[in-house]
Amino acid sequence: MEDTFKKIVYTGLGALSLAKSKMDEVVDDLIDRGRLSREEGEKIAKDFRKDSASSKEAVESELQQWMEKALNKMDIARRKDLDQLQKQVEELQKRVTVLEGKHSGSEPLIK
């Protein structure tokens, strides 16, 4: 499922990249034809890139929120959850080892 989300994101980013390069071509063509000054063309390109970047961030944020909701509904453990549990297990193992080492009698300290 995560692969599908990645494919969707990469497809969208690819389309955005293609749109940027196509826009640059159009602006360059208009400048070459004398319909835009170099300054006007650069301003248009700059504004488009700025708008594209903010749109990209908004789409990524929206997608991230959607994925969080979907994962929460599926009740799937995340990597950070598993890492936290692993640390807790390691800490408990250390404590058991220490407790076993402190008790040298024949009866186990922990049953």
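Quantities reported herein were computed from a predicted structural model and do not represent experimental measurements.

### Focus on the overall build of the chain
- Looking only at helices and strands, the chain features 3 helices and 0 strands.
- Each helix and strand of the chain, placed in order from N terminus to C terminus, yields the pattern α-α-α.
- The long-range fraction of contacts in the chain, counting pairs at least 24 apart against all pairs at least 6 apart in sequence, stands at 44%.
- A total of about 9700 Å² of accessible surface is found on the chain, and carbon and sulfur atoms cover 54% of it.

### Side note on the confidence of the model for the chain
- On average, residues of the chain carry a pLDDT of 79, and 81% of them reach 70 or more.
- Across the chain, element-level confidence peaks in helix H3 (residues 79-102) with a mean pLDDT of 92 and bottoms out in helix H1 (residues 2-32) with 74.

### Some thoughts on the pattern of salt bridges
- Tallied over the entire structure, the rule returns 3 salt bridges.
- Residue Arg78 is joined to Glu68 by a salt bridge in which the shortest nitrogen-to-oxygen separation is 3.2 Å. Here Glu68 lies in helix H2 (residues 38-74) and Arg78 lies in the loop between H2 and H3, a separation of 10 residues in the sequence.

### Some details on the nonpolar core
- One finds Met23, Val27, Ile31, Leu36 and Ala45 forming the largest nonpolar core, which totals 5 residues.
- With 3 residues, the top contributor of residues to this core is H1.
- Apart from the residues lying within four places of it in its own chain, the contact partners of Val27 are Leu36, Gly41 and Ile44.

### Points about the environment of Met23
- Relative to the helices and strands, Met23 is located in helix H1.
- Residue classification places Met23 among the buried residues on the basis of a relative accessible area of 13%.
- Sequence-wise, Met23 and Arg49 are 26 residues apart; in three dimensions their C-alpha atoms are separated by 9.7 Å.
- Among all residues touching Met23, those that are not within four sequence positions of it are Ile44, Ala45 and Phe48.

The rules behind each value
Residues numbered from 1 in each chain as written. Predicted model: local features only at pLDDT ≥ 70, side-chain atom pairs only at ≥ 80, totals over all residues. Heavy atoms only, no water. Helix = DSSP H or I, 4+ residues; strand = E, 2+ residues; numbered from the N terminus. Contact = heavy atoms within 4.5 Å. Areas by Shrake-Rupley, 256 points an atom, 1.4 Å probe, with all protein chains shown as cover. pLDDT = per-residue confidence, 0-100. Salt bridge = Lys/Arg side-chain N within 4 Å of Asp/Glu carboxyl O. Core = buried A, V, L, I, M, F, W, Y, C linked by side-chain atoms within 4.5 Å. Buried < 20%, exposed > 50% of the residue type's maximum accessible area, 1.4 Å probe, protein only.

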